[in-house]
Amino acid sequence: MCLFCKIASGEIPSSKVYEDDTILAFRDINPQAPVHLLVIPKAHIPSLDGVTAEHGALIAHLFETIPQIAREAGLTNGYRLISNCGPDACQSVPHLHFHILGGRAMTETMA
Ligand code: DGP
């Protein structure tokens with residue numbers, strides 16, 4: 001089982017900020033902004049490259065819920081959403097996840 005599957009199942013503890021039947025959001029262990037959350041599907045999808053039409057409802061649910069998670073984290077002045085996909089993007093955990101970064105002005109460079 002991958003690291004984020006273990007977090008999703010509760011085997012590894014995390015600082016959860018949102019959970020429902022299919023998705024989970026928790027604080028990144030190595031925050032790169034005052035607010036740095038990770039949002040994951042509970043089902044194992046290795047990365048964005050693993051998303052198929054079968055995941056349509058799940059992906060829609062993720063994107064409907066991310067603004068709510070950001071709002072509840074106090075990010076009323078904006079936030080950045082990132083999903084690293086593959087080696088060139090430095091994806092380090094092979095389970096689809098979205099970083100929500102905020103709580104300060106982001107830099108204009110994204111890479
Ligand atoms: P990425 O590099 O895009 O694959 O991001 C993986 C993120 O996961 C990275 O910012 C650090 C975070 N992370 C790694 N291990 C753990 C952990 O055990 N708990 C939590 N909360 N975050 C973790």
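Quick note: structure is the one above.
A brief structural summary.

Criteria and thresholds
Residues numbered from 1 in each chain as written. Predicted model: local features only at pLDDT ≥ 70, side-chain atom pairs only at ≥ 80, totals over all residues. Heavy atoms only, no water. Helix = DSSP H or I, 4+ residues; strand = E, 2+ residues; numbered from the N terminus. Rg over C-alpha atoms; globule rule 2.2 N^0.38 Å. Buried < 20%, exposed > 50% of the residue type's maximum accessible area, 1.4 Å probe, protein only. Contact = heavy atoms within 4.5 Å. Areas by Shrake-Rupley, 256 points an atom, 1.4 Å probe, with all protein chains shown as cover. Phe/Tyr/Trp six-rings, centres within 6.5 Å; stacked < 30°, edge-to-face > 60°. Patch = residues over 30% accessible without salt bridge, like charges linked within 9 Å, V, L, I, M, F, W, Y side chains within 5 Å. Salt bridge = Lys/Arg side-chain N within 4 Å of Asp/Glu carboxyl O. Polar contact = N/O pair within 3.5 Å; in protein donor to acceptor, adjacent residues only side chain to side chain. Near = heavy atom within 4 Å. Nonpolar A, V, L, I, M, F, W, Y, C, P; charged D, E, K, R; others polar.

**Looking at the overall build of the protein**
Piece 1. In terms of regular secondary structure, the protein is built from 2 helices and 5 strands.
Piece 2. Shown N-terminal to C-terminal, the secondary structure of the protein runs as helices and strands in the order α-β-β-β-α-β-β.
Piece 3. A compact globule built from 111 residues should have a C-alpha radius of gyration of about 13 Å, and the protein, at 13 Å, falls within 12% of that.
Piece 4. If you line up the protein on its principal axes, its C-alpha atoms span 35 × 30 × 25 Å.
Piece 5. Burial statistics for the protein: of 111 residues in total, 38% are counted as buried.
Piece 6. For the protein, restricting intrachain contacts to residue pairs at least 6 apart in sequence, the fraction spanning at least 24 positions comes to 55%.
Piece 7. A total of about 6600 Å² of accessible surface is found on the protein, and carbon and sulfur atoms cover 54% of it.

**So, the packing of aromatic side chains**
Piece 1. Under the definition given, this model contains 2 aromatic pairs.
Piece 2. Residues F63 and F98 carry aromatic rings whose centres are separated by 5.3 Å and whose planes lie at 75 degrees to one another, so their mutual orientation is edge-to-face. Residue F63 is found in helix α2 (residues 56-72), and its partner F98 is found in strand β5 (residues 98-102); the two are separated by 35 residues along the sequence.

**Some remarks on a nonpolar patch on the surface**
Piece 1. Judged by side-chain polarity, F63, Y79 and L81 come together as a nonpolar surface patch covering roughly 250 Å² of accessible area.
Piece 2. Classification of F63 as partly exposed rests on a relative accessible area of 41%.

**A word on the side chain of H95**
Piece 1. Relative to the elements of secondary structure, H95 occurs in the loop between β4 (79-82) and β5.
Piece 2. Residue H95 is classed as buried on the basis of its relative accessible area, which comes to 0%.
Piece 3. Here H44 takes part through its side chain, which lies 3.3 Å from a polar atom of the side chain of H95.
Piece 4. The residues contacting H95, other than those within four sequence positions of it, are C2, F4, C5, I40, P41, K42, A43, H44, I45 and P46.

**What to know about the site of the ligand**
Piece 1. Close to the ligand lie 15 residues, the nearest being R27, D28, N84, S92 and H99.
Piece 2. Within the backbone of S92, one N or O atom sits 2.7 Å away from an oxygen atom of the ligand.
Piece 3. H99 has a polar side-chain atom sitting 2.8 Å from an oxygen atom of the ligand.
Piece 4. Across the complex, the protein chains shield 84% of the 510 Å² of accessible surface that the ligand would expose by itself.
Piece 5. Secondary structure elements with two or more residues in the shell around the ligand: α1 (3-9) and β2 (23-27).
Piece 6. It is α1 that contributes the most residues to the shell around the ligand, 3 residues altogether.
Piece 7. Classifying every residue of the shell around the ligand gives 8 nonpolar, 5 polar and 2 charged.

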